[in-house]
Amino acid sequence: MRAHHILAFPLAALAATGGRCDPLRFVDPLIGTTKGGNVFAGATLPYGLAKAVADVDGQNTGGFGLDGSNVTGFSSVHDSGTGGNPSLGNFPLFPQVCNGDELNNCRFRIGDRKVHYRGGSVRAEPGRFAIELENGVKADMTVSEHAALYRFTFPQSPSGEAQAHPLILLDLTDLWQSRQNASVSVDAHSGRMAGNGTFLPSFGAGSYVLHFCVDFFGAEVFDTGVWVNSRAGTEPKSLFLTRGFNLFYLEGGGFARFAGNSVSARVGVSFKSAEQACRSAEREMPDPLRDFDGLITAAKDAWREKLSPIRIKSGGASQDLVKSFWSGVYRNMISPQNYTGENPHWDTGRPYFDSFYCIWDSFRAQHPLLTIVDPRAQTQMVQTLLDMYTQEGWLPDCHMSMCNGWTQGGSNAEILLVDAYVKNLSASIDWELALAAVTTDAEREPREWSFHGRGGLQSWRALGYIPYLDFDPLGFGTNSRSVSRTLEYSYDDFCVATLAGGLGRADEQVKYMRRSMNWRNLWREDQTSVIKGKDTGFRGFFQPKYMNGTWGFQDPIACSALASFCSLTTNPSETFEASIWQYLFFVPHAVSSLISLVGGDDAFISRLDFFHTIGLADISNEPVFLTVFLYHYAGRPSLSAQRIHTYIPASFNASPGGLPGNDDSGAMGAFIFFSVMGLFPVAGQNVYLINPPFFEEVSIRSPLTGKTATVRNVGFDPAYKNLHIQRATVNGKEWTKSWIGHEFFTEGWTLELVLGTEESTWGTKPEDRPPSWRI
């Protein structure tokens, strides 16, 4: 019998976890810091508000990018993995030694002060980030829940010269430079800086106010003051900035200089007040000069606890894959963020989460991951969405910085809620309230449906589709995405029907189940697709349709990698961020009906193969995730196993550029997690599609029941030649279905997969395929 291959760990790593392997050894926060991954690489607690990192002027959507660009400051709040405009990065600090120790020689504006960092100096690990600038300044940072602690070390003055007075400035800006107005006051004796600013969300409506409180330790204060543009003075000690004449962006803030070469800066942040920011920082970091190492230890302990439900036996799988796996799980707990006690608009007394950025991205894999490994946090997130509905009247599709974000497609919070329901997430959730929330989305059109609810409901009810150039006088939003909204609204209605049926509302279940098949109304059976002047040979695609029932046209390859990317804000089309080819496969509740529509199993497989091999499948965007595994529905689960191995590790690895696109708050990491574990979720349904794991064994202990579920490969081959399931057992009994339910995790079942080199008949029978609605 071949012995299990168990990864070797240093004794220190074992000691840190009481003799168990330490997963933090395999967490690399720098994965995804180049090539558009946009991850947050700095110091944070799980779901923490405070997020400290160096901000750069290159790939800075998550603050820091390992792209060799310039550091412009060190800030304490960020989102992770988002696209578009950089998010947060408010009130950055910037340390420097001014030429000749002269205040007028200091560099204040971003374009003047920015400086390269030393490439080999970057150190990133859970709870800590450190970097050295080319000017010799070293920065080391860690965090608590609501505060960041920076330790700046300045170079010594040359021998024989008087010691300079290093300066630390605070800039009243954010990464996007969206500030509308801001203020700072500086205490002449302690150097404390406090104030606030009003900013715009990077992908949403309205504005938010953020407050700060900065205290300095470790060196005497030499002088203090404020600065505007390129000049500074020790008087006055306060400053108020507006947007400026003709919206000209004024740069400004506060500063302090010190008598000493080592200065620690404690930065508290709050969405309520500067006083609360100060109180939080003082409570969480009472002794900053001694707290630093203890904060790092506490952060690592918090991360170990969050990752503790998961165990793996690699079976000889590559270290690169192990790092990708653990780092992917880690990134899923950076956002959404726990802002409990920080909501200035309402307080239910329950935990409050924000930075749902955006649910269109996260419902597919991130939230199903949290449902398995951190169900308590996921329960609190679900409750937050219901509180938002109670307080604001609508479920959000996107929410960040206390603001509503833009809706990308359907009302996807419905899928997230129903996914929690079908998996019995928590008895504490008010499911009657949840039904009211999802039916509000389904039936009431808001005046402004660009950031919550659904638009075009009048046409949806009367015509059974969202028309191209819809006449919709009831509400207003970007009048586009008629095809993708029709498909997404259809699945949303399936989820409404699922919840209604589960709560005994049979009439509503029937109503919404019928509406869930509206996607068929945009099927044009004679539509062809041409690539570079050559007919692909496939006939039948979704197409936009006018209100009078006549067809419009969108090239099926438009908005794909073979054409041009379609954005909500720059070039809206009738599909969102994906082509008609890609949306062809988005009917998760009715794949069997789609298979019949395209001509049967073989025809469906032929389309899937073409889609994934010709360059139409965009693995960098979430709609493609489930398509990798749709072969299960055609009775060919082995082809799903083969397909995922064309993407991992080709598009996912442990390098700084190891993600194919935006991490989207952890969505890419969740895709890695489920793919490697061998159970891929169909969000909104109690269905996981079974594939051979990339490791010999993966075990997950349910934090709710304490029971451990295990997926084990028998005949595992780390060269992945044994990719085909020959037979499967659950708890020792034969299992012929190609899918399994969430009870696997909560009841602690053991799934054993016997592997071989050839495709077998396992999972191929119609009765063994995943459930699918047919009408």
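What you are looking at is a predicted structure, and each value in this text was computed from that prediction instead of being measured. Throughout, residues of each chain are indexed from 1 in the direction in which the sequence is written. With the structure being a predicted model, the display of local features is reserved for residues of pLDDT at least 70 and the display and counting of side-chain atom pairs for 80 or more, all residues being used for whole-chain, interface and lining totals. Excluded from the side-chain calculation are hydrogens and water; included are all heavy atoms of the structure.

## Considerations on the UniProt feature "domain: Glycosyl hydrolase family" (unreviewed entry) in the protein
UniProt positions are given in the numbering used here, feature names are shortened, and annotations may be inferred rather than shown by experiment. Mapped onto the present numbering, the UniProt feature "domain: Glycosyl hydrolase family" (unreviewed entry) falls on residues 276–756. The helix and strand labels rest on DSSP assignments: H or I over at least four residues marks a helix, E over at least two residues marks a strand, and numbering proceeds from the N terminus. Here residues 276–756 runs as 38% helix and 14% strand, with 61 Å between its end C-alpha atoms.

## Comments concerning the sheet that holds strand β29 (residues 708–714)
Ordered in space as β19-β28-β29-β33-β30-β31, the six strands form an open sheet in which the pairing is mixed. A single partner strand is all that each edge strand has here, and the edge strands are β19 (310–313) and β31 (733–734). At least two bridges found by DSSP between two strands is the condition for calling them paired.

## A short note on the sheet that holds strand β12 (residues 193–199)
If you trace the nine strands from one edge of the open sheet to the other, you get β6-β7-β8-β9-β18-β13-β12-β11-β16, paired in antiparallel fashion. At either end of the open sheet lies a strand with only one pairing partner, and these are β6 (123–125) and β16 (238–242). Looking at each pair of strands side by side, their axes are set apart by 15° on average, direction ignored. Sheet topology places strand β9 (residues 147–153) next to strand β18 (residues 262–270); seven bridges connect them, and they run antiparallel. Angles run from 0 to 180 degrees between N-to-C directions of axes, and those axes are lines fitted to C-alpha atoms, restricted for helices to the stretch in contact.

## Notes on the packing of aromatic side chains
For Phe, Tyr and Trp, rings pair up if their centres lie within 6.5 Å, where Trp contributes its six-membered ring, and each pair is then called stacked (planes under 30 degrees apart), edge-to-face (over 60) or tilted (otherwise). On inspection of all chains with the given rule, the structure shows 46 aromatic pairs. When the ring of Phe585 is compared with that of Phe604, the centres are 5.9 Å apart and the planes differ by 75°; the resulting orientation is edge-to-face. Within this pair, whereas Phe585 is found in the loop between α14 (580–583) and α15 (591–598), its partner Phe604 is found in helix α16 (residues 601–613), the two being separated by 19 residues in sequence. The buried category is assigned to Phe604, whose relative accessible area is 1%. For the pair Phe671 and Phe680, a centre-to-centre distance of 5.7 Å together with 70° between the ring planes defines the contact as edge-to-face. We call a residue buried when its accessible area falls under 20% of the maximum for its residue type, exposed when it is over 50%, and partly exposed in between, using a 1.4 Å probe and counting protein chains only. Accessibility expressed as a relative area gives 2% for Phe680, which makes it buried. An aromatic cluster is defined as three or more aromatic residues linked by ring pairs; in this entry it consists of Phe325, Trp326, Phe625, Phe629, Phe652, Phe671, Phe673, Phe674, Phe680 and Phe695.

## Side note on the state of the cysteines
Two cysteine sulfurs form a disulfide in these notes if their separation is within 2.5 Å. Overall, the coordinates contain four disulfides when judged by the stated rule. A sulfur-sulfur separation of 1.7 Å characterises the disulfide bridge that pairs Cys358 with Cys398. Judged by the sign of its S-S torsion, about -55°, the bond between Cys358 and Cys398 is left-handed. Of this pair, Cys358 sits in the loop between β21 (353–354) and α6 (359–362) while Cys398 sits in the loop between α8 (375–392) and β22 (399–400), placing them 40 residues apart in sequence. Of the two residues, Cys358 and Cys398, neither departs from the other in class, the shared state being buried. Through a disulfide, Cys559 is tied to Cys566; the S-S separation comes to 1.9 Å.

## Things to note about the domain arrangement of the protein
It is common to give the size of an interface as the accessible area lost on bringing the parts into contact. The split into domains, and so the bounds of each, comes from an automatic or database assignment of domains. For the protein, the assigned domains read domain 1 (89–304) and domain 2 (311–338 + 634–774). Relative to domain 2, the C-alpha centre of domain 1 lies at a distance of 44 Å.

## Some thoughts on a nonpolar patch on the surface
Together, Leu463, Phe471 and Met547 line one region of the surface with nonpolar side chains, adding up to about 280 Å² of accessible area. By the secondary structure assignment, Leu463 is in helix α11 (residues 457–463). Two distance rules govern patches: like charges are joined within 9 Å, and nonpolar side chains (Val, Leu, Ile, Met, Phe, Trp, Tyr) within 5 Å, applied only to residues with over 30% relative accessible area and no salt bridge. Surface exposure here means Shrake-Rupley accessible area, sampled with a 1.4 Å probe, where a residue is shielded only by the protein chains that are shown. Salt bridge criterion: a side-chain nitrogen from Lys or Arg within 4 Å of a carboxyl oxygen from Asp or Glu.

## Topic: helix α18 (residues 667–677)
By the criterion of burial, α18 is predominantly enclosed, with eleven of the eleven residues buried. All of the buried residues in α18 are Ala667, Met668, Gly669, Ala670, Phe671, Ile672, Phe673, Phe674, Ser675, Val676 and Met677. The positive-phi residue at the C-terminal boundary of α18 is Gly678, with phi of around 90°.

## A closer look at the packing of helix α10 (residues 431–443) against helix α12 (residues 482–502)
Viewed as axis vectors pointing N to C, α10 and α12 meet at an angle of 150°, and their least axial separation amounts to 10 Å. As the angle between them shows, α10 and α12 are arranged roughly antiparallel. In this structure, α10 meets α12 at a crossing whose hand is left-handed. Of the residues in α12, those touching α10 at Trp431, Ala434, Leu435, Val438, Thr439 and Ala442 are Asp493, Val496, Leu499 and Ala500. Polar here means any residue other than Ala, Val, Leu, Ile, Met, Phe, Trp, Tyr, Cys and Pro, which are nonpolar, and Asp, Glu, Lys and Arg, which are charged; Gly is therefore polar. Across the contact of α10 with α12, the residue classes tally to eight nonpolar, one polar and one charged. Throughout, the term roughly parallel applies to angles under 35 degrees, roughly antiparallel to angles over 145, roughly perpendicular to angles from 65 to 115, and oblique to all others. By definition, any crossing whose near helix is turned counterclockwise from its far helix by less than a right angle is left-handed, and any crossing with a clockwise turn is right-handed. Whether two residues are in contact is decided by their heavy atoms: any pair within 4.5 Å suffices.

## Structural notes on the side chain of His165
Position of His165 relative to the elements: it lies in the loop between β9 and β10 (167–171). Among the polar contacts made by the side chain of His165, one reaches the side chain of Asp101 at a distance of 2.8 Å. When near neighbours in sequence (up to four residues on either side) are disregarded, His165 contacts Asp101, Phe222, Arg257, Phe258 and Ala259. In protein, a polar contact means a hydrogen-donor-capable atom and an acceptor-capable atom, both N or O and within 3.5 Å, with residues adjacent in sequence counting only if both atoms are side-chain atoms; elsewhere, any N or O pair within 3.5 Å suffices.

## A short note on the environment of Lys733
The residue Lys733 is located in strand β31 in this model. Residue Lys733 is classed as exposed on the basis of its relative accessible area of 63%.

## Focus on the environment of Gly552
Looking at the secondary structure, you find Gly552 in the loop between β25 (534–542) and α14. In the structure, Gly552 is positioned 83 residues away from Leu469 in sequence and 9.8 Å away in space, judged by C-alpha atoms. Among residues more than four places away in sequence, those in contact with Gly552 are Arg524, Gln543, Pro544, Lys545 and Tyr546.

## Considerations on the pattern of salt bridges
Under the definition given, this model contains 35 salt bridges. A salt bridge links Glu132 to Arg118; the nearest nitrogen and oxygen atoms lie 3.2 Å apart. Placement of Glu132 in strand β7 (residues 128–132) and of Arg118 in the loop between β5 (115–116) and β6 is noted, with a sequence separation of 14 residues between them. Two residues, Arg643 and Asp609, come together in a salt bridge whose shortest N-O distance is 3.1 Å. Placement of Arg643 in helix α17 (residues 637–644) and of Asp609 in helix α16 is noted, with a sequence separation of 34 residues between them. Within this structure, Glu414, Glu443, Arg454, Arg461, Asp493, Lys511 and Arg515 form a network of salt bridges that share partners.

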